[in-house]
Amino acid sequence: MATQEELTTEEARIADLEGQVDELRLENGTLRLQLDVLSSTDIVTGLPNTNGILQTLDSVIARHNRAGEAFGVMLVRVPSVTTIGEHHGRAGVNDALRHAGALIAAGLRRLDTVGRLDDSAFLSVLPMLDEDGCETVVTRLSKLLVSVPMTFGRDRLEMEPEITIALSAPDVDMDSQMIVSRLLEKSEDTPSDGVQIFTLSE
């Protein structure tokens, strides 16, 4: 039969092991959180990557389906960004992406989110946006991008955007992938003024 001293020692050992398990669980939770952040963040711009911005869009779609809240999804292309690589390489493209991404983020409302899609395109999720609010968003963003070009030594990179906005429609049931595909398809026929707005029911 175990003595009182042996029982006390065993209880202390068990308490110590339980403490170690709690610490490991906490560390595991922290690592999972860091992994989630890294898997949804673009390492070049610090903005959400495709995965991250689609997660945001999924949340907005869910609110739309549940409460009928209007939203918009905006594709902003800055074609000149890809041309900078011819003279300034990958580092130049990355600098231009950071520059364009920061300007787009600065031009949006606080409730909006912008993420990077590829080397010339950014996707913005715009909650509570209807047709009346589109003109304000487009005007502010276009002026900001055009007014702050980027310079590379003697080279000047104009941030002339091509903007395509898809607006939600009450009776249209589409997931985030379908909406982005539709947006990309529509953006291929951008008008001469660089701006296209359509509803997802079209």
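First, a word on scope: everything that follows refers to the structure included in this document. Since we're looking at a predicted model, the values are computed, not measured.

Considerations on the side chain of Ser168
- Looking at where Ser168 falls in the secondary structure, it is placed in the loop between strand E6 (162-167) and helix H6 (176-187).
- Judged by its relative accessible area of 15%, Ser168 is buried.
- With residues near it in sequence (within four places) discarded, Ser168 still touches His64, Ala70, Phe71 and Leu200.

Notes on the sheet that holds E6
- An order of E2-E3-E1-E6-E7 is seen for the five strands of this open sheet, with the pairing classed as mixed. What marks the edges here is a single partner per strand, and that holds for strand E2 (113-116) and strand E7 (195-199). Mean inter-strand twist for the sheet, computed between neighbouring axes without regard to direction, equals 15 degrees.
- Sheet topology places strand E1 (residues 71-77) next to E6; six bridges connect them, and they run antiparallel. In the strand pairing of E6, Met74 is matched with Ile165.
- In this fold helix H2 (residues 50-67) packs onto E1, E2 and strand E3 (121-127), with an angle of close to 25 degrees to the strand it touches most, E3.
- Those strands touched by H6 are E1, E3, E6 and E7, and its axis lies near 45 degrees from that of E1.

Scoring rules and cut-offs
- Residues numbered from 1 in each chain as written.
- Predicted model: local features only at pLDDT ≥ 70, side-chain atom pairs only at ≥ 80, totals over all residues.
- Heavy atoms only, no water.
- Helix = DSSP H or I, 4+ residues; strand = E, 2+ residues; numbered from the N terminus.
- Buried < 20%, exposed > 50% of the residue type's maximum accessible area, 1.4 Å probe, protein only.
- Contact = heavy atoms within 4.5 Å.
- Pairing = 2+ DSSP bridges.
- Axes fitted to C-alpha atoms, helices over the stretch in contact; angles between N-to-C directions.

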